[in-house]
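Close look at the chain arrangement
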Amino acid sequence: GRLGETQFELMEIATYKKIKTKNSNGQTQVSWQPIFTGLLLQADFNKNFSGLTVVKTDSLEKNIGQFARTAQRIMGTFSKTKIVELENLEFEAVFQVRSTDATEARYLLTPIFMEKLLELRRVQGTEVQVSFLDSKIIMALPQTRTFFELKNGFDELTSSCLGMSKDIIDVLSLIETLDLNNRLSKT
């Protein structure tokens, strides 16, 4: 769809990892481990860029402190993306930023945008994950409930449609919250 100047796609996804184990009788058992369940919002970003920048919750640093940053830097030497350290200490304590281009990451993650992501995380109460790729922003919003399912029966259908409409409006309000409709003027 389109909201204002911003084209977007909104999807509800559930991904699982297939795990095969053998029981004591030698029989193979299959289980499914959840990887991600929630909403994926892809939208135009108001800046042009060519690299990849990923912003994800830094649970390792949260759990084991500053040592995690050193370990992440060492492990990152084998990756195409490198850790980018930003000037917002609160943002750094919550998120890890990796990018193919540190300068471009700083161009995308302005101080105002970092504050908006921190606020979004506080309001959502979940671990918001963000990627910037091909001049688009892709946001993963973990959810524990389904969004786009209608219930049976006329009475339940009406309330279900109203609930779904509210959910869609809430998610699309992210376009306004993150100021994605603000286009840079071409001079």
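Please refer to the structure higher up on the page.
So, a few notes on the structure that sits alongside this text. Each chain has its residues counted from 1, running along the sequence as written. Given that the model is predicted, a residue must reach a pLDDT of at least 70 before its local features are reported, and side-chain atom pairs must reach 80 or more before they are shown or counted; all residues, however, enter totals for whole chains, interfaces and linings. Hydrogens and waters are ignored; side-chain quantities use all the structure's heavy atoms.

**Concerning the overall build of the chain**
Along its length, the chain carries six helices and eight strands. Reading the chain from its N end, one meets helices and strands in the order β-β-β-β-α-α-β-α-β-α-α-β-β-α. Note on classification: 1.4 Å probe, protein chains only; a residue is buried when its accessible area is under 20% of the maximum for its type, exposed when over 50%, partly exposed between these limits. Burial analysis of the chain (187 residues in total) assigns 35% to the buried set. We call two residues in contact when some of their heavy atoms are within 4.5 Å. Within the chain, contacts between residues separated by at least 24 positions form 62% of all contacts whose residues are at least 6 apart in sequence. Here the chain displays about 11,600 Å² of accessible surface, and carbon together with sulfur accounts for 56% of that area. Secondary structure elements follow DSSP: runs of H or I no shorter than four residues count as helices, runs of E no shorter than two count as strands, and numbering proceeds from the N terminus. Surface exposure here means Shrake-Rupley accessible area, sampled with a 1.4 Å probe, where a residue is shielded only by the protein chains that are shown.

**Thoughts on the pairing of strand E3 (residues 28-44)**
Here a strand pair is declared whenever DSSP counts at least two bridges between the two strands. Relative to E3, strand E2 (residues 6-22) runs antiparallel, the two sharing 15 bridges. Note that in E3 the partner of Lys-20 across the bridge is Val-30. In sequence, E2 turns back onto E3 through a hairpin of five residues, with Gly-26 there showing a positive phi of about 85°. In this sheet, strand E8 (residues 136-142) lies alongside E3 in antiparallel orientation, the contact comprising seven bridges. What sits directly across from Gly-38, in E8, is Pro-142.

**Some remarks on unusual backbone geometry**
We note that Asp-134 has phi near 55°; this positive angle belongs to a residue other than glycine. By the element assignment, Asp-134 lies in the loop between strand E7 (129-133) and E8. Here Asp-134 falls in the exposed class, since its relative accessible area comes to 55%. If you check the backbone angles, Ser-135 has positive phi at about 60° while not being a glycine. Turning to its location among the elements, Ser-135 is positioned in the loop between E7 and E8.

**Observations regarding the pattern of salt bridges**
Salt bridge, as applied in this entry: a Lys or Arg side-chain nitrogen positioned within 4 Å of an Asp or Glu carboxyl oxygen. On inspection of all chains with the given rule, the structure shows four salt bridges. Residues Arg-122 and Glu-119 are paired through a salt bridge, measuring 3.2 Å at the closest nitrogen-oxygen approach. With Arg-122 and Glu-119 both in helix H5 (residues 111-124) and three residues apart, this pair spans about one turn of that helix. In this structure Arg-122 comes out as partly exposed when scored by relative accessible area, which is 47%. Accessibility expressed as a relative area gives 39% for Glu-119, which makes it partly exposed. Lys-166 is the salt-bridge partner of Asp-170, the closest N and O atoms lying 2.6 Å from each other. Residue Asp-170 and its partner Lys-166 are located together in helix H6 (residues 154-177), separated by four residues, close to a single helical turn.

**Focus: the nonpolar core**
We define the nonpolar core as a collection of buried residues of types Ala, Val, Leu, Ile, Met, Phe, Trp, Tyr and Cys that are connected through side-chain atoms lying within 4.5 Å of one another. One finds Val-55, Phe-91, Leu-109, Leu-117, Phe-132, Ile-137 and Met-139 to be the most contacted residues of the largest nonpolar core, which totals 34 residues. At the level of secondary structure, the elements contributing two or more residues to this core comprise E3, helix H3 (89-94), strand E6 (95-99), helix H4 (102-108), H5, E7, E8 and H6. With five residues, H5 is the single largest residue contributor to this core. Setting aside anything within four residues of it in sequence, one finds Phe-91 in contact with Val-55, Leu-86, Val-97, Met-114, Leu-117 and Leu-118.

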